[in-house]
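A structural walkthrough
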Amino acid sequence: MAKIVGKYKMESSENFDEFMKALGVGLVMRKMGNAATPTVEITEEDGTYSMKTITTFKTTEIKFKLGEEFEETTADGRNVKSTITIEGNKMTHKQTGDKKKEEKDSVITREFTDTELIAECKVDDIVCKRVYKRLD
Ligand code: DKA
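Computed from a predicted model, the values in this text were never measured in an experiment.

Scanning the protein chain from N- to C-terminus turns up two helices and ten strands. Tracing the protein chain from N to C terminus, the helices and strands come up as β-α-α-β-β-β-β-β-β-β-β-β. For 136 residues, the compact-globule formula gives about 14 Å, and the C-alpha radius of gyration of the protein chain, at 14 Å, lands near that figure. Expressed along its principal axes, the backbone C-alpha trace of the protein chain runs to roughly 35 × 30 × 25 Å. The proportion of buried residues among the 136 residues of the protein chain is 38%. Contacts in the protein chain between residues at least 24 apart in sequence constitute 38% of all its contacts with a sequence separation of at least 6. Averaged over its 24 positive side-chain charges, the protein chain has a centre that lies 3 Å from the centre of its 26 negative ones.

Quick look at the structure:
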């Protein structure tokens, strides 16, 4: 398995506003999201992963076991059901939105290399790419 645990700092982001719009994120939250350059910290202990996303306006943390569904509150406040799997150097994070609130499903794939984390966030036909630099 590729090295996945570590600390990463976002260096570039494409199409994030369109991605957030498609998810129904409001203008004020989108402004904060667009201005943020998150640090992501991933740790693992006994098969339980933690992924912390730190920005100046909000820090979120998810804890999960691979392949096991868990409840996630996203940075913009949606409550989604998530499942995360890893194949080789790719992590796939499926988020199922609350259909009673007409929330959409989305998928974030994260590819890990020796130097980068490349996140691809998809909803409908919108694709957003965010590149993080490995700090450790
Ligand atoms: C990433 O890890 C992408 C995370 C997607 C968050 C979606 C909602 C954010 C709204 C502020 O870089």
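Bringing the packing of aromatic side chains into the picture now. Summed over the entire model, instances satisfying the criterion amount to four aromatic pairs. Clustering of aromatic rings is evident, with ring pairs tying together Y49, F64 and F70. Over the ring of F16 we find R130, and its NZ or CZ is 3.7 Å from the ring centre.

About the criteria used
- Residues numbered from 1 in each chain as written.
- Predicted model: local features only at pLDDT ≥ 70, side-chain atom pairs only at ≥ 80, totals over all residues.
- Heavy atoms only, no water.
- Helix = DSSP H or I, 4+ residues; strand = E, 2+ residues; numbered from the N terminus.
- Rg over C-alpha atoms; globule rule 2.2 N^0.38 Å.
- Buried < 20%, exposed > 50% of the residue type's maximum accessible area, 1.4 Å probe, protein only.
- Contact = heavy atoms within 4.5 Å.
- Lys, Arg positive; Asp, Glu negative; His and termini not counted.
- Charge placed at Lys NZ, Arg CZ, Asp CG, Glu CD.
- Phe/Tyr/Trp six-rings, centres within 6.5 Å; stacked < 30°, edge-to-face > 60°.
- Lys NZ or Arg CZ within 6 Å of the ring centre and 35° of its normal.

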